[in-house]
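A look at the structure
Here are the chains, one letter per residue:
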Amino acid sequence: MAYTQEVLPTPLDATSNPPPLFDGTTRLYTYYSCPFAQRVWITRNYKGLQDQIKLVPLNLYNRPAWYKEKVYPENKVPALEHNGKIIGESLDLIKYVDSNFEGPSLFPKDPEKAKFGEELISHVGTFTGALYTAFKANDTVKQADAQFDYLENALKKFDDGPFFLGQFSLADIAYIPFVERFQSFLSEVWKYDIAAGRPKLAAWLEEINKIDAYKVTKTDPKELVGFYKKRFLEQQ
């Protein structure tokens, strides 16, 4: 899918005024370093919706009061303003954007692939939770091994492409923002290469990093590692 380059808007903070809310414009409220919001950003980009869905980045460390008061009482990102309503939760949103907007479909019609795709998406919270637990454990590498073995085995299910369901899909989008972060953190702190001995995962990472719609959403690995060190290591 050809990706159209765009100039990313400056994040809005507590001093900023709200956009003209509910004026018919479709807006994705995001935070550039948030992995949950990144899922929806990738989906938007891959479907070529840069003109149809306007990015509204927020500064979550100095967030505007109007966001909670007038847009999304949950006060989280991502949130999508569409057709006069606000929709949240990243896994719901990637499905919503795929189903309700034009562009290449990101979910297969094949029943076997669709079933496995739903299983993968349902499992992603278990996967991320297990890695978060591993980061605080004494046997981090052993616990991490099991999770990345799960991905390696999942990638063996279909052989008609390098992605979970063969072709790039919502299943890949559900996982990559977190795998991106875990890869950098495990490498930096534990010298652990998530792709070592896992040829399918290595190929998946290589191919996904060729997708412009994803590449433009990536956060500087140094920033990611610094955030994770504060979150998981300085609290111990």
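Scroll up a little and you will see the structure.
All chains use their own residue numbering, which begins from 1 and follows the written sequence. Under the rules for a predicted model, residues below a pLDDT of 70 receive no local features and side-chain atom pairs below 80 are neither given nor counted, while totals for whole chains, interfaces and linings still include all residues. Where side-chain values are given, they derive from all heavy atoms of the structure, hydrogens and water being excluded.

Any carboxyl oxygen of Asp or Glu that lies within 4 Å of a side-chain nitrogen of Lys or Arg is treated as forming a salt bridge with it. Taken as a whole and assessed by the stated rule, the structure comprises 13 salt bridges. Arg198 serves as the salt-bridge partner of Asp145, at 2.9 Å between the closest nitrogen and oxygen. Taken as a pair, Asp145 in helix 5 (residues 140-154) and Arg198 in the loop between helix 6 (170-190) and helix 7 (199-208) lie far apart in primary sequence, 53 residues in all. Across the pair Asp212 and Lys215 runs a salt bridge whose closest N-O atoms are separated by 3.4 Å. With Asp212 and Lys215 both in helix 8 (residues 212-215), this residue pair falls 3 residues apart, about one helical turn. Only protein chains enter the area calculation, which uses a 1.4 Å probe; residues under 20% of their type maximum are buried, those over 50% are exposed, and those in between are partly exposed. Overall, the relative accessible area of 35% leaves Asp212 in the partly exposed class. Where helices and strands are cited, they refer to DSSP runs of H or I of at least four residues and of E of at least two residues respectively, numbered from the N terminus.

Here we come to helix 7. Of all the positions in helix 7, only Leu201, Trp204, Leu205 and Ile208 are classed as buried. For helix 7, the buried positions fall inside an angular range of 95° around the axis, keeping them on one side. When checking whether two residues touch, look at their non-hydrogen atoms; a contact exists if any pair is within 4.5 Å. Those residues of helix 7 that are buried are in contact with helix 5, helix 6 and helix 8. An arc is given here, and it is the one of the directions from the helix axis to the C-beta atoms.

Strand order in the open sheet made by the 4 strands is 2-1-3-4, with mixed pairing throughout. The sheet terminates laterally at strand 2 (53-57) and strand 4 (85-88), the two strands that pair on one side only. Strand-to-strand twist in this sheet, taken as the mean axis angle between neighbours without regard to direction, amounts to 25°. Strand pairing is assigned whenever DSSP identifies at least 2 bridges connecting the two strands. Relative to strand 3 (residues 79-82), strand 1 (residues 26-30) runs antiparallel, the two sharing 3 bridges. In the strand pairing of strand 3, Arg27 is matched with Glu81. Axes, fitted as lines to C-alpha atoms, cover a helix only where it is in contact. Angles between the N-to-C directions of the axes lie from 0 to 180 degrees. Packed on one face of the sheet, helix 1 (residues 35-46) meets strand 1 and strand 2 and runs near 145° to strand 1.

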